[in-house]
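One-letter residues, chain by chain:
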Amino acid sequence: MKTIENSLIILALAALTACGGKQNSAAVETVAVATPKVKLASVKAEAVDQILTYSATVEGDVVNNIAPAAPTRIEKILVEVGDNVRKGQKLVQMDASNLKQLELQMKNLEVEFNRIDQLYKVGGVSKAEWDNMNMQIEINKTSYANLLENTQLVSPIDGVVTARNYDNGDLYAGQPVLVVQRIAPVKLVINVSEQYFSRVKIGDAATIELDAYPGESFTGKLSLIYPTIDASTHTFPVEISVANADRKLRPGMFARASLNLGAESHVVVPDVAIVKRAGSGDRFVYVYNNGKVDYTKVELGQRMGDRYEILSGVETDAQIVVAGQSKLADGVEVEVEK
């Protein structure tokens, strides 16, 4: 009896399992045949300004390190950091003891030369003796001028003192006593990809933006284009000059420089159409064609508000999906919502 009962139970369970399996298959079949609904947008090519933006640091147009030619004690520094200085202005007085000794030697040589000169005029000394004394005078004058230049340090430019590395009484030991920079104008150096070498020209305008002045921009001009390409980076340096008449730009500030290299015709798509592949930096769009969608990789250019410039991957007049991408896969049939 128990055997019969067990057999009946087994048959009943098998029937239930079979019924459940049919129900699951029906459910799977229902999901599989569901057609995703999408919204489309037709895209076209348009003229897009090719604006390239580079990070840079503001630099002084000219930077001079003020220092003597040899280790000497600093007698007095006459300016402070932030002082505006003029070309030829005396900035530092170094120890002048050697200069004073040389000055005394010059006076003695001049007295001796005057004596030799008088004798030479009356035939008392030879031309060779006169020439030798005259040469010593000239050598002494050259040495005096050189020592004077390294005793009284002057500014070679109009500028501002941006660094002071010693105090009065210190012994100069290699580091500049002062740094003077010309900050009107200032310059920025950017590294431009070699593909644009033929498209940048001296005098081209550049727009400068700085974190220090949010919402404000400054105008610069390309002042120098280096003639060679760096073989390791395939870039070439370009200098941008900014007049900086109001001196708002200061050396060391972080800046962004933008160059407009002219307009090119590229397809532009809404930003909502762009799909990012998880785990990579690749970008895609779904292109609609004959009732199906193709998962197409694209190369993005500039972002322009709520649109992206497409450098490659989508042709003009293509229809792309702008809503409903989460339920799509490559080659899937879709239903277009009006």
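Our subject is the structure that appears above.
Heads up: these notes are all about the structure in this document. (Residues numbered from 1 in each chain as written. Predicted model: local features only at pLDDT ≥ 70, side-chain atom pairs only at ≥ 80, totals over all residues. Heavy atoms only, no water.)

Side-chain direction in a regular strand flips from residue to residue, so the side chains alternate between the two faces of the sheet. Here strand E10 (residues 205-210) shows a clear split, with Ala206, Ile208 and Leu210 buried on one side and none of Ala205, Thr207 and Glu209 buried on the other. In this structure, E10 lies alongside strand E11 (residues 217-225), joined through 5 bridges in antiparallel fashion. Across the sheet, residue Ala205 finds its bridge partner in E11, namely Lys221. Counted between consecutive antiparallel strands, the loop separating E10 from E11 contains 6 residues, among which Gly215 sits at a positive phi close to 80 degrees. Relative to strand E13 (residues 254-270), E10 is paired through 5 bridges, and the arrangement is antiparallel. Its bridge partner being in E13, Glu209 is matched across the sheet by Arg256. (Buried < 20%, exposed > 50% of the residue type's maximum accessible area, 1.4 Å probe, protein only. Helix = DSSP H or I, 4+ residues; strand = E, 2+ residues; numbered from the N terminus. Pairing = 2+ DSSP bridges.)

A few words now on unusual backbone geometry. Put simply, Ala184 and Pro185 share a cis peptide bond, and its omega is 15 degrees. Assignment of secondary structure puts Pro185 in strand E9 (residues 178-193). Of note, the phi angle at Asn244 is positive, near 55 degrees, even though the residue is not glycine. By secondary structure assignment, the location of Asn244 is in the loop between strand E12 (235-242) and E13. Judged by relative accessible area, which is 5%, Asn244 ranks as buried.

Now for the environment of Asp49. Along the chain, Asp49 falls in strand E2 (residues 44-57). Given the relative accessible area of 39%, Asp49 is considered partly exposed. Taking the C-alpha atoms as reference points, Asp49 and Glu264, 215 residues apart in sequence, are found 6.5 Å from one another. Setting aside anything within four residues of it in sequence, one finds Asp49 in contact with Asn260, Gly262, Ala263 and Gln302. (Contact = heavy atoms within 4.5 Å.)

With respect to the secondary-structure elements, Thr72 resides in the loop between strand E3 (59-66) and strand E4 (74-77). Excluding its chain neighbours within four sequence positions, the residues that come into contact with Thr72 are Met94, Asp95, Asp170, Leu171 and Tyr172.

Ranked by size, the top nonpolar core spans 27 residues in total, and within it Ile190, Val192, Ile208, Leu210, Ile240 and Leu259 carry the most contacts. A total of 5 residues in this core trace back to one element, the largest contributor, which is E9. Ranked by size, the runner-up nonpolar core spans 16 residues in total, among them Ile66, Ile74, Met94 and Val161. (Core = buried A, V, L, I, M, F, W, Y, C linked by side-chain atoms within 4.5 Å.)

Glancing now at the sheet that holds strand E6 (residues 90-94). In a beta sheet, neighbouring strands pair by backbone hydrogen bonds and run either parallel or antiparallel. Read across the open sheet, the 3 strands follow the order E4-E6-E7; overall the sheet is antiparallel. Both outer strands of the open sheet, E4 and strand E7 (152-154), are each paired with one neighbouring strand and no more. Between one strand axis and the next, the sheet turns by 20 degrees as a mean value, whatever way the strands run. In the sheet, E4 pairs with E6 via 3 bridges, with the strands oriented antiparallel. For Ile77, the partnering residue across the bridge sits in E6 and is Val92. (Axes fitted to C-alpha atoms, helices over the stretch in contact; angles between N-to-C directions.)

A separate point is the packing of aromatic side chains. Counting across every chain of the model gives 7 aromatic pairs. Their ring planes at 50 degrees and their centres at 5.6 Å tell us that Phe113 and Trp130 sit as a pair that is tilted. Here the residue Phe113 occupies a position in helix H2 (residues 97-121), and Trp130 occupies one in helix H3 (residues 127-149), the gap between them amounting to 17 residues. Among the aromatic side chains, those forming a connected cluster through ring pairs are Phe113, Tyr120 and Trp130. Of note, Lys248 hangs over the ring of Tyr213, and the distance from its end group to the ring centre comes to 4.7 Å. (Phe/Tyr/Trp six-rings, centres within 6.5 Å; stacked < 30°, edge-to-face > 60°. Lys NZ or Arg CZ within 6 Å of the ring centre and 35° of its normal.)

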